[in-house]
Amino acid sequence: MLLVCRFTVAETDFEAFTGRVDRALSLLTAQAGCRRGQLSRSTDEADRFVLTVEFDSVVAYRRAMSPFDVREHVIPLLSEANTDEPAVYEPLLVAADGAVQREVSLLARDAGTVRLGEAAGPTTPR
């Protein structure tokens, strides 16, 4: 599972922002099931950043977000991310050393048609 958060940060806030992200990455990558994290800066627009964190699974992601110090330091940072695009993605094709592996989606086949609370099936199809 991949967490992708985009930020727009003024140059005057750069040091404070990277300090907060440093702390967040330290906390998240110390959690079981967190593979790696990275903060990247746009080469086109100097005030744009993307934070990516990779987890073993959705369960690992949810557990990593549970400890108090993560909720205290990481969640407030993530709440400041730009919200014009989705933030959580699942891998479908993974490539290494010239070989591509197709991953099985964790989403149910009817995920786009069943709303929250309708796990047994919608009473009225959309």
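Residues numbered from 1 in each chain as written. Predicted model: local features only at pLDDT ≥ 70, side-chain atom pairs only at ≥ 80, totals over all residues. Heavy atoms only, no water.

Caption draft 1: Broad picture of the pattern of salt bridges. Counting across every chain of the model gives eight salt bridges. For the salt bridge of Glu-54 with Arg-36, the shortest nitrogen-to-oxygen distance reads 3.1 Å. With Glu-54 in strand β3 (residues 48-55) and Arg-36 in strand β2 (residues 34-41), this residue pair connects regions lying 18 residues apart in the sequence. Here Arg-36 falls in the partly exposed class, since its relative accessible area comes to 49%. Among the salt bridges present, the one from Asp-47 reaches Arg-48, with a minimum N-O distance of 3.7 Å. Classification of Asp-47 as partly exposed rests on a relative accessible area of 30%. Bridged by salt links that share partners, the residues Arg-35, Arg-36, Glu-54 and Asp-56 form one connected network. (Salt bridge = Lys/Arg side-chain N within 4 Å of Asp/Glu carboxyl O. Helix = DSSP H or I, 4+ residues; strand = E, 2+ residues; numbered from the N terminus. Buried < 20%, exposed > 50% of the residue type's maximum accessible area, 1.4 Å probe, protein only.)

Caption draft 2: Representation of a nonpolar patch on the surface within the structure. Nonpolar side chains collect at one region of the surface, where Leu-92, Leu-93 and Val-100 lie side by side and expose about 300 Å² of accessible area between them. By secondary structure assignment, the location of Leu-92 is in the loop between β4 (88-89) and β5 (93-96). On the accessibility criterion, Leu-92 (46% relative accessible area) is partly exposed. (Patch = residues over 30% accessible without salt bridge, like charges linked within 9 Å, V, L, I, M, F, W, Y side chains within 5 Å. Areas by Shrake-Rupley, 256 points an atom, 1.4 Å probe, with all protein chains shown as cover.)

Caption draft 3: Representation of the pairing of strand β6 (residues 99-102) within the structure. When β5 meets β6, the two strands line up antiparallel, connected through four bridges. Residue pairing in the sheet places Leu-93 in a bridge with Arg-102 of β6. Here β5 folds back onto β6, and the loop between the two strands holds two residues, one of which, Asp-97, carries a positive phi near 55°. (Pairing = 2+ DSSP bridges.)

Caption draft 4: Expanded view of helix α1 (residues 14-29). Its 16 residues give α1 an end-to-end C-alpha distance of 22 Å, which sits within 8% of 22 Å, the value for a rise of 1.5 Å per residue. Listed in full, the buried residues belonging to α1 are Phe-17, Val-21, Ala-24, Leu-25, Leu-27 and Leu-28. Down the axis of α1, the sector holding all buried residues measures 165°, keeping them to one side. In α1, the exposed positions that point more than 90 degrees away from the buried face belong to Glu-15, Ala-16 and Asp-22. Elements in contact with the buried residues of α1: β1 (2-8), β2, β3, α2 (58-64) and α3 (68-78). (Expected span 1.5 Å × (residues − 1). Arc of directions from axis to C-beta. Contact = heavy atoms within 4.5 Å.)

Interpretation in functional terms is not warranted from these geometric data alone.
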